[in-house]
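Inside the fold
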Amino acid sequence: MANRTKTLFLIWETTKPDGIEKRYIRMGNSQMLHPAILALSHSAFRVYTYMKLESGGGMEFKFPKSKWKKFISPEGFQSAKKELCEKGFIEVVASNANLRKPSVYRFSTAWKDHQ
């Protein structure tokens, strides 16, 4: 049986008094320092980070407007999304804006080839 001990977040990493977060993101050192990540605009990096949170660790995910409108304008989101697609971080699986449903995205590994 797997050990299910929770790793607590440190006091400066959370507002939870018990240090237990239900949702969090993973980003390795090699990705954080990769030239492709470092070349992203601040808006694109922020959108990417929130997409990682919203995905729950999955490769394919929905990212509804109700999530991104809290931290970026519609124009800013569209610009960041375009940049993330062009630089190989995400792919649009289903653009559902005309259906009034959340669009579906997929993380891509193509960013590794961008320098």
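This one's a predicted model, so the numbers in the text were calculated from it and none came from an experiment.

Following the criterion strictly, the structure yields 5 salt bridges and no others. One salt bridge connects Glu83 with Lys87, and the closest N-O pair in it is separated by 3.2 Å. A salt bridge links Glu91 to Arg106, with the shortest nitrogen-to-oxygen separation between them at 3.0 Å. Here Glu91 is found in strand E2 (residues 90-94), whereas its partner Arg106 is found in strand E3 (residues 104-107), with 15 residues between them in sequence. Residue Glu91 is classed as partly exposed on the basis of its relative accessible area, which comes to 34%. Several salt bridges converge on common partners, so that one network encompasses Glu60, Glu91 and Arg106.

Moving on: the side chain of Ser55. Inspection of the secondary structure puts Ser55 in helix H3 (residues 42-55). Ignoring sequence-local partners within four residues, the contact set of Ser55 consists of Phe61 and Phe107.

Time to look at helix H5 (residues 74-86). Each α-helix winds once per 3.6 residues, and so residues spaced three or four apart point in a common direction. Taking 1.5 Å per residue, 13 residues should reach 18 Å; H5 reaches 18 Å between its end C-alpha atoms and fits that length. Among the residues making up H5, those that are buried are Phe77, Ala80, Lys81, Glu83 and Leu84. Projection of H5 onto a plane perpendicular to its axis shows the buried side chains occupying an angular sector of 165 degrees, all on one side. Facing away from the buried surface of H5 by more than 90 degrees, the exposed residues are Glu75, Lys82 and Glu86. Positioned one or two residues after H5, Gly88 has a phi angle of 80 degrees, which is positive.

Rules of the game
- Residues numbered from 1 in each chain as written.
- Predicted model: local features only at pLDDT ≥ 70, side-chain atom pairs only at ≥ 80, totals over all residues.
- Heavy atoms only, no water.
- Salt bridge = Lys/Arg side-chain N within 4 Å of Asp/Glu carboxyl O.
- Helix = DSSP H or I, 4+ residues; strand = E, 2+ residues; numbered from the N terminus.
- Buried < 20%, exposed > 50% of the residue type's maximum accessible area, 1.4 Å probe, protein only.
- Contact = heavy atoms within 4.5 Å.
- Expected span 1.5 Å × (residues − 1).
- Arc of directions from axis to C-beta.

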